[in-house]
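Letter by letter, the chains look like this.
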Amino acid sequence: MNFTSDNCYGAASEIFEAVLRANQGAIRSYGDDEITTRLNGLFSDVFEHDVAVFPVISGTAANALALSTITSPHGAIVCHAQSHIAVDECGAVEQFTHGAKLLTVDGAHGKLTPQAIEARLAPIQKALVHHAQPAAVSITQATESGTTYRPEEVRAISRAAHAHGMKVHMDGARIANSIAFLGCAPSDITWRSGIDVLSFGATKNGALAAEAVIFFDKNLVGDFEYRRKKSGHLVSKMRFCRRNSKRIWPASLG
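Attention here is on the structure that accompanies the text. (Residues numbered from 1 in each chain as written. Predicted model: local features only at pLDDT ≥ 70, side-chain atom pairs only at ≥ 80, totals over all residues. Heavy atoms only, no water.)

Before going further, it helps to examine the sheet that holds strand S7 (residues 211-215). Taking strand neighbours across the sheet as the criterion, the seven strands line up as S1-S7-S6-S5-S4-S2-S3 in an open arrangement whose pairing is mixed. Because the sheet does not close on itself, it has two edges, and the strands there are strand S1 (52-56) and strand S3 (101-105). On average, each strand axis in the sheet is tilted by 20° relative to the strand beside it, whichever way the strands run. With five bridges connecting them, strand S6 (residues 197-201) and S7 associate as antiparallel partners. (Pairing = 2+ DSSP bridges. Helix = DSSP H or I, 4+ residues; strand = E, 2+ residues; numbered from the N terminus. Axes fitted to C-alpha atoms, helices over the stretch in contact; angles between N-to-C directions.)

Our focus in this paragraph is the side chain of Asp 171. Turning to its location among the elements, Asp 171 is positioned in strand S5 (residues 167-172). Look at Asp 171: it is buried, it has no salt bridge, and the nearest opposite charge is Arg 174 at 7.3 Å. In this structure the side chain of Asp 171 is engaged in a polar contact, spanning 3.1 Å, whose partner is the side chain of Asn 63. Polar side-chain contacts of Asp 171 include one of 3.2 Å to the backbone nitrogen of Ala 173. (Buried < 20%, exposed > 50% of the residue type's maximum accessible area, 1.4 Å probe, protein only. Lys, Arg positive; Asp, Glu negative; His and termini not counted. Salt bridge = Lys/Arg side-chain N within 4 Å of Asp/Glu carboxyl O. Polar contact = N/O pair within 3.5 Å; in protein donor to acceptor, adjacent residues only side chain to side chain.)

This part takes up the packing of helix H7 (residues 114-121) against helix H8 (residues 151-163). It is the contact of H7 with H8, at a shortest axis distance of 9 Å, that shows an interaxial angle of 20°. Between H7 and H8, the crossing angle belongs to the class labelled roughly parallel. When the axes of H7 and H8 are compared, the crossing they make is right-handed. Between H7, through Pro 114, Ile 117 and Glu 118, and H8, the contact on the second element is made entirely by Ala 156, Ile 157 and Ala 160. Its residues placed into classes, the contact of H7 with H8 shows five nonpolar, no polar and one charged. (Parallel < 35°, antiparallel > 145°, perpendicular 65-115°, else oblique. Left-handed = near helix turned anticlockwise from the far one by under 90°. Contact = heavy atoms within 4.5 Å. Nonpolar A, V, L, I, M, F, W, Y, C, P; charged D, E, K, R; others polar.)

Here the structure, examined in full by the defined rule, presents seven aromatic pairs. Each ring, one from Phe 43 and one from Phe 47, has its centre 6.3 Å from the other, and the planes form 15°; the classification is stacked. Taken together, the residues Phe 43 and Phe 47, both in helix H3 (residues 39-47) and four residues apart, mark about one turn of the helix. A relative accessible area of 4% means that Phe 43 is categorised as buried. Taking the centre distance of 6.0 Å and the plane angle of 80° together, the rings of Phe 54 and Phe 215 count as edge-to-face. Taken together, the residues span a long stretch of sequence, with Phe 54 in strand S1 and Phe 215 in strand S7 at a distance of 161 residues. The same class applies to Phe 54 as to Phe 215, namely buried. Every member of this aromatic cluster is reached through a ring pair, and the members are Phe 43, Phe 47, Phe 200 and Phe 216. Seen from the ring of Tyr 149, Lys 111 lies directly overhead, with NZ or CZ sitting 5.6 Å from the centre. (Phe/Tyr/Trp six-rings, centres within 6.5 Å; stacked < 30°, edge-to-face > 60°. Lys NZ or Arg CZ within 6 Å of the ring centre and 35° of its normal.)

Of all the five residues making up S6, five are buried; the element is thus mostly covered by neighbouring parts of the structure. Sheet topology note: the S5/S6 ladder contains four bridges and is parallel. Its bridge partner lying in S6, Met 170 is registered against Leu 198.

Below, the structure is given as structure tokens:
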């Protein structure tokens, strides 16, 4: 068995079958088709919450676009020192936010803790023009170390972030793995635990090039659609991105 990376393997046969079904006839473009517009309802059912969903084609784009929507250019984002946004995304978050600062924090097993977040924020003075202002906390599920946050851990981090007026973002490139491991409902480790916006990954779970940004607080959507278009992630044949993510959960989760 090859454990190098789940990126090395092909797409699931169900994905190709879904793409072929979506390939019949003419259909509206740029996400105005019936297939794509059903995403909001489908994801709302999965997460048991009214959500706003925006497909993109890469996890880097999902993270950068999500965080740039909730973080101003003079904002600060607390994240783990090993996180993809800090190590593996070539400064995409900094570029898309037009200069927001990443405040990295070390932590065992790739995890942030409320205590570590508080310690990192302690030197920052609110409303002081010389300091980047706290805007968001970003956590990864599952982490870069292969560990999984339990719901109570996510809730504790969210409480700490929200107490500082910060939003909470989850990089869910491998969120299906965590849900299968925990045996919980998708809602339990997302909005019920305080997550405001989720980068939802399907590519690492059998899709071709399908990710999505999911806003649990629809008031945060703001100008996201313009950011997505400007960054080149409003795909003309969006229905294929949606079809790529149709099979996203292990069969045991429905």
